[in-house]
Amino acid sequence: MTLLEDLQWRGLVADGTDLTALAQRLAQGPITLYCGFDPTGDSLHVGHLMGQLMLRRFQLAGHHVLPLAGGATGMIGDPSGKSAERNLLTREQLDHNVACIKRQLSRLLDFGPTTPLPAGSPELVERAANPARLVDNATWTVGVSYLDFLRDIGKHFSLNVMLAKDSVRSRMEGDHGISYTEFSYQLLQAFDFYTLRQTHGCELQIGGSDQWGNITAGTDLIRKKLGVPAWGLTFPLITKSDGTKFGKTEGGAVWLDPQKTSPYKFYQFFVNTEDSMVVEYLKKFTLLPRAEIETLAAQHQANPGAREAHRALAREVTQLVHGQAALDAALKASEILFGGPLDGVTEEIFQDVVGEVPTKDLDRAKLAAPGTALTELLVHAGLCPSKGQARKDLEGGGIYLNNARITDAARAVTTADLLFGKHLLLRKGKRTYAVLHAF
């Protein structure tokens, strides 16, 4: 398959400006394309993965990719997909956010010798012959005066066309309306595409389907001012089976920054994908070839309970975003809640698991020699209703301390049993866990 055919098979093409002509252009040789990421926060989230992965697919196919950090557009705020006005950020906040996002983009895109290697990567890797180039639209926007922008760019836009854009119309029909500031966003994005067409020979802009109006504003501006071809290509916004926004959990957004969402929780997010969505996500969020995805799809249809497709999805995306070492740690943490050994588990990994398990405090003095009966701790942790039941569970072989089975009903627990000097991991049966935190 050609790249465009592969994207269509994966369900990654929502709309495009003359796809037939774009396919012909791609067949002629490498093309330069860009995708923008506004630094409205100091981390991207999984909802932004699609744009990065699309750029990666083009880069692997030999094309020249320009990830754009919106140092200028981030000061305005894109109204697309928003029901209310964004809070404006200070220049200092934007500069910090841009720096953070640059590091995250380097995880998926090869910027050449300057790209930091993901943890666990071999020392020698084959670098791309077509390294990505990061651009920041503040570079060409900040120095343009308001009058120059109105004269050179604004005059090419019809107010009727601007008002007809979905992102504008939906806001005008809503309760909050839209400010002139956000209304002007599409002109700034069009100016980006126009500038990159001039300075970098950029012929294609990609983005989510909510960016269609902004993207076509750019292709129209390029046609009017330069008289040369330019294309737009959008990918569908990813949703869950019930149509709600992808990437949100009860704890909030799933971030690409490992300090905000640990690799373990990131892995768990994808391994817990709904059965009805897992094959679609394999197509869209991984670089696995079609044959391998179709094999996983067949396995999933035959035996969804085996969850082979889910684990493959979680492994691939975690490795892409966080690297092999982080994936290995996430897998190790996942094994803990399935009774895996604690040998070699770091405190950082264990802390990730603790966040998934009911935790209670325990006075450390109770663990001083000769210690406290395990039966009493099981009741304190809420795993057993009484000491009598705890003794029966122990004698029946259903109780585990730090994932080791204990059958001695007289077993006492001391500070020597503490993990990292502060935790006790208790389990009843196969999957009922509790953690006691000694303080």
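Structure: see above.
Enquirer: Explain the state of the cysteines residue by residue, including any values.
Expert: A full pass over the atoms with the stated rule returns zero disulfides. Residue C202 stays outside any disulfide, its sulfur separated by 11 Å from that of C35, the closest cysteine. By relative accessible area, which is 0% here, C202 ends up buried.

Enquirer: Can you lay out the packing of aromatic side chains for me, pointing to particular residues and giving the numbers?
Expert: Tallying each qualifying case throughout the model produces twelve aromatic pairs. Residues F149 and F191 carry aromatic rings whose centres are separated by 5.5 Å and whose planes lie at 85° to one another, so their mutual orientation is edge-to-face. Of this pair, F149 sits in helix α6 (residues 146-152) while F191 is found in helix α10 (residues 185-200), placing the two residues 42 residues apart along the sequence. Side by side, F149 and F191 carry an identical accessibility label, which is buried. With a centroid separation of 5.3 Å and 55° between ring planes, the pair formed by F266 and F270 is classed as tilted. Pair noted here: F266 and F270 are both in helix α12 (residues 263-271), with a separation of four residues, about one helical turn. Through pairs of rings, three or more aromatic residues link up here, namely F246, F266, F269, F270, Y281 and F285. We note K260 situated over the ring of W255; from NZ or CZ to the ring centre the distance is 5.4 Å. Just above the ring of Y400 sits the side chain of R427; from NZ or CZ to the centre is 3.7 Å.

Enquirer: Account for the nonpolar core, with residues named and values stated.
Expert: Grouped together as the largest cluster of nonpolar side chains are 58 residues, with contacts concentrated most on V46, L49, F58, L204, F266, F270 and F285. Counting residues per element, this core draws most heavily on helix α15 (residues 308-322), at seven residues. Each residue touching V46, except ones within four places of it in the same chain, is listed here: F246, G247, V254, L256, F266, F269, F270 and F285. Ranked by size, the runner-up nonpolar core spans 23 residues in total, among them L68, L187, F193 and I222.

What counts and how
- Counting restarts for each chain, with residues numbered from 1 along the sequence as it is written.
- For a predicted model such as this one, the threshold for reporting local features is a pLDDT of at least 70, and the threshold for listing and counting side-chain atom pairs is 80 or more; totals across whole chains, interfaces and linings nevertheless cover every residue.
- No hydrogens and no water enter the side-chain calculation; it runs on all heavy atoms of the structure.
- When the sulfur atoms of two cysteines come within 2.5 Å, that pair is taken as a disulfide.
- Accessibility here uses a 1.4 Å probe with only protein chains present; expressed as a share of the type maximum, an area under 20% marks a residue as buried, one over 50% as exposed, and anything in between as partly exposed.
- Aromatic rings from Phe, Tyr and Trp, with only the six-membered ring used for Trp, were paired whenever their centres fell within 6.5 Å, and each pair was classed as stacked if the ring planes differed by under 30 degrees, edge-to-face if by over 60, and tilted otherwise.
- We count a stretch as a helix when DSSP gives it H or I for four or more residues in a row; a strand needs E for two or more, and each element gets its number in order from the N terminus.
- For a ring to carry a charge above it, either NZ of a lysine or CZ of an arginine must fall within 6 Å of the ring centroid while also lying within 35 degrees of the normal to the ring plane.
- Throughout, nonpolar core names a set of buried Ala, Val, Leu, Ile, Met, Phe, Trp, Tyr and Cys residues whose side chains join them through atoms within 4.5 Å.
- Throughout, a residue-residue contact means that at least one pair of heavy atoms, one from each residue, lies within 4.5 Å.

So, to be careful, I would describe these as geometric facts and stop short of saying anything about function.
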